[in-house]
Amino acid sequence: MSGRTTRQRAAVLDGLTHCHDFVSAQELHARLTARGVSIGLTTVYRALRHFVATGGVDVVRDKAGERLYRPRPGDGHRHYLICRHCGFSRPLDSAVVEEWAERVTADTGFAAVEHTVELTGVCTDCQSAA
């Protein structure tokens, strides 16, 4: 990840790596402060925006529209299927989406095209519990 590494950014990134699924900025802030990290919520948001912009963090929205974050794996951009009930997420094979985005870019002449694909459903555990 590019940019200046600050104590706060390092703390946010470390906190994210301890989360197993996507997490909101507020939840991440609560986890960090519970671990004794002195950091403001605004600083957490600022660090997360930086990591999203530099490609180090993936972001999705929950059913209420809140942004949720998780560290991006070393092999690059991913798409996820997310349970609308419990928030469980699993990465998807998204080669066809990436190929489509590249084709749209080439066909339209646009540059620096970005895309977001969000798939949601109900996981098997939540189906069983219903």
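Please refer to the structure higher up on the page.
Throughout what follows, the structure given in this document is the object of discussion. (Residues numbered from 1 in each chain as written. Predicted model: local features only at pLDDT ≥ 70, side-chain atom pairs only at ≥ 80, totals over all residues. Heavy atoms only, no water.)

Counting its regular elements, the chain contains five helices and six strands. For the chain, the succession of helices and strands along the chain, N to C, is α-β-α-α-β-β-β-β-α-β-α. Expressed along its principal axes, the backbone C-alpha trace of the chain runs to roughly 50 × 45 × 25 Å. The buried share of the chain, reckoned over its 130 residues, is 30%. (Helix = DSSP H or I, 4+ residues; strand = E, 2+ residues; numbered from the N terminus. Buried < 20%, exposed > 50% of the residue type's maximum accessible area, 1.4 Å probe, protein only.)

The subject of this paragraph is the sheet that holds strand E3 (residues 67–71). Strand order in this open sheet of three strands is E1-E3-E2, and the pairing throughout is antiparallel. Looking at which strands have only one partner, the edges of the open sheet turn out to be strand E1 (23–24) and strand E2 (57–61). With five bridges connecting them, E2 and E3 associate as antiparallel partners. Note on E3: the bridge partner recorded for valine 59 is tyrosine 69. The strands touched by helix H1 (residues 7–17) are E1, E2 and E3; relative to E3, the strand with the most contacts, the crossing angle is about 85°. (Pairing = 2+ DSSP bridges. Contact = heavy atoms within 4.5 Å. Axes fitted to C-alpha atoms, helices over the stretch in contact; angles between N-to-C directions.)

Moving on: the side chain of serine 24. Turning to its location among the elements, serine 24 is positioned in strand E1. Using a relative accessible area of 8% as the deciding quantity, one classes serine 24 as buried. Among the polar contacts made by the side chain of serine 24, one reaches the main-chain amide nitrogen of glutamate 27 at a distance of 3.0 Å. The residues touching serine 24, leaving out its near neighbours within four places in the chain, are Glu66, Arg67 and Leu68. (Polar contact = N/O pair within 3.5 Å; in protein donor to acceptor, adjacent residues only side chain to side chain.)

Once that is clear, we can look at the nonpolar core. In terms of nonpolar packing, the biggest core is built from 16 residues, with Val12, Leu16, Leu28, Leu32, Val44 and Leu48 touching the most fellow members. Of all the secondary structure elements, the ones that give two or more residues to this core are H1, helix H2 (25–34) and helix H3 (41–53). Ranked by residue count, the leading element in this core is H3, at four residues. Setting aside residues no more than four positions away along its own chain, leucine 16 makes contact with Val23, Leu28, Leu48, Val57, Tyr69, Arg70 and Pro71. Core analysis: the next-biggest nonpolar cluster, separate from the first, contains five residues, Phe22, Val60, Tyr80 and Ile82 among them. (Core = buried A, V, L, I, M, F, W, Y, C linked by side-chain atoms within 4.5 Å.)

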